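What follows is the residue order along each chain.
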Amino acid sequence: MVTNLQARDAATVLHPYSNLATLPRQGSLILERGEGVFVYDVDGKPYLEGMAGLWCNALGHGREELVEAAAEQMRKLPFAHLFTGKSHDPAIALAEKLKELSPMKAAKVFFCNSGSEANDTQMKLVWYVNNALGRPQKKKIISRIKAYHGVTVASASLTGLPNNHIDFDLPIPGVRHAGCPHHYRFAEAGESEEAFATRLAAELDALIEAEGPETVAAFIAEPVMGAGGVIVPPETYYPKIQAVLEKHDVMLIADEVICGFGRLGEWFGSTALKMKPDTVSIAKQLSSAYAPIAGVIIPDWIDEALTRQSEKIGVFGHGFTYSGHPVAAAVALKTLEIYERENILAHVNGIIPGFQARLKALGDHPLVGEARGTGLVGAVELVADKTTKRSFDARRAIAAKAVGFAQDEGLIVRAIGDAVSICPPLVITSAEIDLLFDRLTAALDRTE
Ligand code: PLP
């Protein structure tokens, strides 16, 4: 039975990433409030937040300090911008802090509002900087099949998922998609993880050669693919990929929108997975999702190229009204302060073994073909046949069913194709991790 509120919702809100045909019949889960790692719907039913919202709400709900940081900044200066010679303290302090934490030697931070805008900015910087460097033919960007980089025209083009392209007339020209480092699905029979990584690097090398190295500018990668189904690459994948990029003078853009700020037990996923990025996109856990804010961290050589262009053109013609919004910046700064004060990295590293043990144990469930993950993120891929890895008929929407049962059990997780993904708030406790997996197991037991 759809409630009156659900009917009003379906009649008026155009929902992102939803089946717009079935939503009016099913009704949305309408949430009202949150407390710690739990959220409550309008009837007061609690749910354990197994996805930290959308991979973002690291500190959970009800953090008064973050509310206070926002309120204080709103009282003092609710808005100021960074255009044409203006600035403000929250943006300056946040940029300084991010430079200190950055996984590469950083020169400056460009602020924006979403991960999509960050990656859109990355693409524009690649084009602009290569024009500035006098190599206008070096413009192509290589992403990967199953990558998720956002939904603006440029970032959706980088995304390697069919639903973000079909009928949107994407991707735009100049984007290529290399192979996905998912060993379970894409390795050849008997191929070891090491051999698989070697093959992917060789295929990337061949792709760059075929395109012409002088036309390929950048490779973009999430350390661990998130929205593509939580795909953890083989251990030697990035060092091998990095060698190919260095050989062809192709820069590496790390999309740290999910992995940044502790998800893999380090400040950045790049560090955890031995990537050496040239630039980094950040968002989500930067503010623990209490305010929308994102950014691109750039190195000296890009900053210098941009500055030289301004000498020529007179302006760096890029930026958003809300770039470095003072309230969002103040919230982000407070978030980073809390991460440091509460030693969130130590907490995450303390709970990772228990989280991964419960996750991997789900591999024995009759429905689970692969239980995969690293750090505090994971997924279980549901299969019709564990031996052959045969998938369920897509019309059965098996993972969506499991997610529905999980919701009944009081757990929020997310279906991605045939996988159920799990990405709890970083502050989750070991007891809450047990509750999460108890509920997920109960949901899987009900799924058929
Ligand atoms: N990059 C990655 C790795 C993401 O996971 C996401 C969103 O989930 C984005 C970019 C896009 O971010 P946003 O939804 O804030 O535009």
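What counts as what
- Residues numbered from 1 in each chain as written.
- Predicted model: local features only at pLDDT ≥ 70, side-chain atom pairs only at ≥ 80, totals over all residues.
- Helix = DSSP H or I, 4+ residues; strand = E, 2+ residues; numbered from the N terminus.
- Buried ≥ 20, exposed ≤ 12 C-beta atoms within 10 Å, placed from the backbone.
- Contact = placed C-beta atoms within 7 Å.
- Domains from an automatic or database assignment.
- Nonpolar A, V, L, I, M, F, W, Y, C, P; charged D, E, K, R; others polar.
- Pairing = 2+ DSSP bridges.
- Near = placed C-beta within 6 Å.
- Axes fitted to C-alpha atoms, helices over the stretch in contact; angles between N-to-C directions.
- Parallel < 35°, antiparallel > 145°, perpendicular 65-115°, else oblique.
- Left-handed = near helix turned anticlockwise from the far one by under 90°.
- Core = buried A, V, L, I, M, F, W, Y, C linked by C-beta atoms within 7 Å.
- Expected span 1.5 Å × (residues − 1).
- Arc of directions from axis to C-beta.

1. Things to note about the overall build of the chain
Working step 1: Counting secondary structure elements, the chain contains 16 helices and 15 strands.
Working step 2: The principal-axis extent of the C-alpha atoms belonging to the chain is close to 65 × 60 × 45 Å.
Working step 3: For the chain, buried positions account for 46% of its 448 residues.
Working step 4: Of the contacts formed within the chain by residues at least 6 apart in sequence, a portion of 71% connects residues at least 24 apart.

2. Observations concerning the domain arrangement of the chain
Working step 1: In terms of domain boundaries, the chain breaks down into domain 1 (4–62 + 343–446) and domain 2 (67–341).
Working step 2: Of note, the centres of domain 1 and domain 2, computed from C-alpha atoms alone, are 26 Å apart.
Working step 3: Contacts between the two partners involve 25 residues from domain 1, matched on the other side by 22 residues from domain 2.
Working step 4: Going through the elements one at a time, helix H3 (52–55), helix H14 (344–361), strand E11 (368–374), strand E12 (377–382) and strand E15 (419–422) are the ones with two or more residues in the side of domain 1 that touches domain 2.
Working step 5: At five residues, H14 tops the list of elements feeding residues into the side of domain 1 that touches domain 2.
Working step 6: Per-class residue counts for the side of domain 1 that touches domain 2 are 14 nonpolar, nine polar and two charged.

3. Regarding the sheet that holds strand E3 (residues 46–49)
What links the strands of a sheet is backbone hydrogen bonding, and the strands pair in either a parallel or an antiparallel sense.
Working step 1: Here four strands make up an open sheet; going across it, the order is E1-E2-E3-E13 and the pairing mixed. Of all strands in the sheet, those with a lone pairing partner are strand E1 (31–35) and strand E13 (411–412), marking the two edges.
Working step 2: Bridge analysis of E3 against E13 gives two bridges, and the strand direction is parallel. Bridging across to E13, Leu-48 finds its partner in Leu-411.

4. Quick notes on the environment of Leu-158
Working step 1: Checked against the element boundaries, Leu-158 lands in helix H7 (residues 153–158).
Working step 2: For the pair Leu-158 and Gly-174, spaced 16 residues apart in the sequence, the C-alpha separation amounts to 9.9 Å.

5. Topic: the pairing of strand E8 (residues 251–255)
Working step 1: Taking burial as the measure, the five residues of E8 include five buried ones, the bulk of the element.
Working step 2: Along E8, one buried face is formed by Met-251, Ile-253 and Asp-255 and the opposite face, lined by Leu-252 and Ala-254, is buried too.
Working step 3: With four bridges joining them, strand E7 (residues 216–221) and E8 adopt parallel strand pairing. The partner of Ile-220 across the bridge, within E8, is Ile-253.

6. Observations regarding the site of the ligand
Working step 1: Near the ligand there are 15 residues, and of these Ser-114, Gly-115, Ser-116, Gly-150 and Val-257 occur at the shortest range.
Working step 2: Considering each element in turn, the shell around the ligand owes the most residues, three residues, to helix H6 (residues 115–132).
Working step 3: Here the shell around the ligand is built from residues that sort into six nonpolar, seven polar and two charged.

7. Quick word on the packing of helix H9 (residues 193–211) against helix H10 (residues 237–247)
Working step 1: Orientation of H9 relative to H10, taken along the N-to-C sense of each, is 20°, at an axis distance of 9 Å. Accordingly, the angle class assigned to the pair H9 and H10 is roughly parallel. Where H9 crosses over H10, the two elements pack in a sense that is right-handed. Facing Ala-197, Thr-198, Leu-200, Ala-201, Leu-204, Asp-205 and Ile-208 of H9, the residues of H10 in contact are Tyr-237, Lys-240, Ile-241 and Val-244.

8. Some words on the nonpolar core
Working step 1: Ala-218, Val-331, Ala-332, Ala-402, Leu-411, Val-413 and Val-420 are the most contacted members of the largest nonpolar core, which has 128 residues in total.
Working step 2: The dominant element in this core, judged by the number of residues it contributes, is helix H13 (residues 326–341), at nine residues.
Working step 3: Counting the residues that make up this core, at least three belong to each of domain 1 (4–62 + 343–446) and domain 2 (67–341).
Working step 4: Those residues in contact with Ala-218, other than ones at most four positions away along the chain, are Val-126, Ile-141, Val-250, Met-251 and Ile-253.

9. Section: helix H4 (residues 64–76)
Working step 1: For H4, spanning 13 residues, the distance from its first C-alpha to its last is 18 Å, which sits close to the expected 18 Å at 1.5 Å a residue.
Working step 2: Residues Leu-66, Ala-69, Ala-70 and Gln-73 constitute the buried set of H4. When H4 is viewed along its axis, its buried side chains cluster within an angular range of 95° and face the same direction. The outward face of H4, more than 90 degrees from its buried face, is lined by the exposed residues Glu-64, Glu-72 and Arg-75.
Working step 3: Lining the buried residues of H4 we find helix H5 (89–101) and H13.

10. Observations concerning unusual backbone geometry
Working step 1: The linkage connecting Leu-170 with the following residue, Pro-171, adopts the cis geometry, with an omega of 5°.
Working step 2: For Pro-171, the position within the fold is in the loop between H7 and strand E6 (175–178).
Working step 3: A positive phi angle is found at Ser-288, which is not glycine, with a value near 55°.
Working step 4: With respect to the helices and strands, Ser-288 occurs in the loop between strand E9 (279–282) and strand E10 (294–298).
Working step 5: Overall, Ser-288 belongs to the buried group, with 29 C-beta atoms counted inside 10 Å.

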